[in-house]
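# Chains, contacts and geometry: an overview
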Amino acid sequence: MSWGVDLWDQYEKLLQYSDQGIDYVKRVESFAKERIEIEQEYAKKLRRLCKSYRGKDHDSKHVWIKLFNVVVNETDSLAGQHELVVENLQSKVKEGLKNLAREITSDRRKHMMEGSKQLEHLKKSMESLERTKRAYEKASKEAEAAKQAFDKADQDFNLSRTQVDKV
């Protein structure tokens, strides 16, 4: 496994992964929102049920009527607990998820901008590298040709030392 082939830049996959994370946080936020609505509706209906059955028989001496009133009161208390669940879900969970999604989205946007700048810098560097490589290859070929011409002239006994040095 080499860096240049197998472990190359994964910028696009990173963007996709972070986008999936944001979508997931929004999905959990949506779940919390729907749960809040269901809990509110349930608590409201329990309160309405208790109100309609809360008794005119409060002073009754019959045990079954007292027990029924206890059940109605406990159901009303249960409605209150569901209302507390709603308050906690709204204040802690939903708002926290909303803030988290906003923060992650903002951070992602900043990192995307920085990543784009870095990709542009990488592209310019690669272009500069290619230009330098071509210039080096050209200079290398010219140097090799000059060395061969010099060696050929140096081997030629008909040329004077001054003529060889000019080559």
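Structure's up top.
Quick summary incoming for the structure in this document. Along each chain, residue indices are assigned from 1 in the same order as the chain's sequence is written. A pLDDT threshold of at least 70 governs which residues receive local features in this predicted model, and a stricter bar of 80 or more applies before side-chain atom pairs are shown or counted, although totals over entire chains, interfaces and linings include all residues. Side-chain descriptors were evaluated using all non-hydrogen atoms of the structure, hydrogens and water having been removed beforehand.

A few words on the overall build of the protein. We count a stretch as a helix when DSSP gives it H or I for four or more residues in a row; a strand needs E for two or more, and each element gets its number in order from the N terminus. Within the protein, the secondary structure is distributed over three helices and zero strands. Ordered by position from the N terminus, the helices and strands of the protein form the series α-α-α. For this analysis, residues touch if any pair of their heavy atoms sits within 4.5 Å. Considering only intrachain contacts with a sequence separation of at least 6, the fraction spanning at least 24 residues in the protein is 72%.

A few words on the packing of aromatic side chains. Note on aromatic contacts: the rings of Phe and Tyr and the six-membered ring of Trp form a pair at centre separations within 6.5 Å, being stacked when their planes are under 30 degrees apart, edge-to-face when over 60 apart, and tilted otherwise. Using the criterion set out here, one finds one aromatic pair in the structure. Their ring planes at 75° and their centres at 6.2 Å tell us that Tyr-53 and Phe-68 sit as a pair that is edge-to-face. Placement of Tyr-53 in helix α1 (residues 11-53) and of Phe-68 in helix α2 (residues 63-155) is noted, with a sequence separation of 15 residues between them. When a residue's accessible area, from a 1.4 Å probe over protein chains only, is under 20% of the maximum for its type it is buried; when over 50% it is exposed; and in between it is partly exposed. Residue class for Tyr-53 comes out partly exposed when judged on its relative accessible area of 48%.

The next point concerns the environment of Leu-119. Note on placement: Leu-119 falls in helix α2. When the C-alpha atoms of Leu-119 and Asp-9 are compared, they prove to be 9.6 Å apart, with 110 residues separating the residues in sequence. If we ignore the near neighbours within four places in the chain, the residues touching Leu-119 are Asp-9 and Tyr-11.

What follows covers a nonpolar patch on the surface. Residues qualify for a patch when their relative accessible area is over 30% and they have no salt bridge, like charges being joined within 9 Å and the nonpolar side chains of Val, Leu, Ile, Met, Phe, Trp and Tyr within 5 Å. Residue exposure ignores everything except the shown protein chains as possible cover, and the areas themselves are Shrake-Rupley values with a 1.4 Å probe. We define a salt bridge as a contact between a side-chain nitrogen of Lys or Arg and a carboxyl oxygen of Asp or Glu at a distance within 4 Å. Together, Leu-119, Leu-122, Met-126 and Leu-129 make up a nonpolar patch on the protein surface, roughly 310 Å² of accessible area in all. Structurally, the position occupied by Leu-129 is in helix α2. Looking at Leu-129, the relative accessible area reads 47%, which means it is partly exposed.

Right, let's talk about the pattern of salt bridges for a bit. Here the idea is simple: oppositely charged side chains can pair when their charged atoms come close. The full count for this structure, using the stated rule, is five salt bridges. Note that Asp-76 and Arg-47 form a salt bridge whose closest N and O atoms lie 2.8 Å from each other. Here the residue Asp-76 occupies a position in helix α2, and Arg-47 occupies one in helix α1, the gap between them amounting to 29 residues. Owing to a relative accessible area of 16%, Asp-76 belongs among the buried residues under this scheme. Taking the shortest distance from any N to any O, the salt bridge between Asp-76 and Arg-54 comes out at 3.4 Å.

Relative to the helices and strands, Glu-29 is located in helix α1. Ignoring anything within four residues of it in the chain, the contact list for Glu-29 reads Lys-94, Leu-97, Lys-98 and Ala-101.

As a further point, take α1. Under the convention used throughout, the expected extent of a helix is 1.5 Å for every residue step, that is, one less than its residue count. The terminal C-alpha atoms of α1, which comprises 43 residues, lie 63 Å apart, in line with the 63 Å expected from a rise of 1.5 Å per residue. Taken residue by residue, α1 has Tyr-11, Leu-15, Ile-22, Val-25, Glu-29, Ala-32, Ile-36, Glu-39, Ala-43, Leu-46 and Cys-50 as its buried positions.

One can find Thr-75 in helix α2. If sequence neighbours within four positions are ignored, Thr-75 has contacts with Leu-46 and Cys-50.

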